[in-house]
Amino acid sequence: MTRNVGTIDRIFRLAIVAAIALAYWLGALSGGLAIALGVVAIIAFATSLVCFCPAYRLFGISTCKRV
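Small disclaimer: the values here were computed from a predicted structure and weren't measured. (Residues numbered from 1 in each chain as written. Predicted model: local features only at pLDDT ≥ 70, side-chain atom pairs only at ≥ 80, totals over all residues. Heavy atoms only, no water.)

Chemist: I keep staring at the state of the cysteines and nothing clicks. Help me out?
Modeler: Formally, a disulfide is one covalent bond, and it connects the sulfur atom of one cysteine to the sulfur atom of another. For the structure shown, the criterion picks out 0 disulfides. Looking at Cys51, it has no disulfide partner, and the nearest cysteine sulfur is the one in Cys64, 6.7 Å off. With a relative accessible area of 7%, Cys51 lands in the buried category. The thiol sulfur of Cys53 is not disulfide-bonded, and the nearest other cysteine sulfur, from Cys64, lies at 11 Å. (Disulfide = S-S within 2.5 Å. Buried < 20%, exposed > 50% of the residue type's maximum accessible area, 1.4 Å probe, protein only.)

Laid out in structure tokens, this is it:
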């Protein structure tokens with residue numbers, strides 16, 4: 001797996017995860033919406049940890065700096 005998620009993109013994804021977690025913790029999310037956004041948060045967290053996004057690869061996108 002070649003890295004295709006850059007640092008700023010990773011920070012943005014982690015901010016989304018934090019926002020979803022906070023909204024759930026505060027009770028703003030429930031039911032099906034909470035489950036759907038929970039799945040989105042898990043995917044965003046996983047892709048930020050491994051620095052690889054399959055969707056980026058599918059579309060030929062990379063946010064990594066080229067050295």
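From this point on, the discussion continues.
Chemist: Mind showing me how you'd approach the pattern of salt bridges here?
Modeler: As a working rule, side chains carrying opposite charge can pair if their charged atoms are close by. The final tally for this structure, using the stated rule, is 1 salt bridge. Note that Asp9 and Arg13 form a salt bridge whose closest N and O atoms lie 3.2 Å from each other. With Asp9 and Arg13 both in helix α1 (residues 7–25) and 4 residues apart, the pair spans about one turn of that helix. Neither residue differs from the other here; Asp9 and Arg13 are each classed as buried. (Salt bridge = Lys/Arg side-chain N within 4 Å of Asp/Glu carboxyl O. Helix = DSSP H or I, 4+ residues; strand = E, 2+ residues; numbered from the N terminus.)

Chemist: Would you explain the packing of α1 against helix α2 (residues 31–50) in this entry?
Modeler: For any two helices packed against each other, the geometry is given by the interaxial angle and the distance between the axes. The contact between α1 and α2 brings their axes to 9 Å, and the two run at 150°. One way to sum up the angle between α1 and α2 is to call them roughly antiparallel. Like other packed secondary-structure pairs, α1 and α2 cross with a definite hand, here left-handed. Each of Arg10, Arg13, Leu14, Val17, Ile20 and Tyr24 in α1 lies in contact with α2, whose residues at this interface are Ala34, Leu37, Val40, Ala41, Ala44, Phe45, Thr47, Ser48 and Leu49. (Axes fitted to C-alpha atoms, helices over the stretch in contact; angles between N-to-C directions. Parallel < 35°, antiparallel > 145°, perpendicular 65-115°, else oblique. Left-handed = near helix turned anticlockwise from the far one by under 90°. Contact = heavy atoms within 4.5 Å.)

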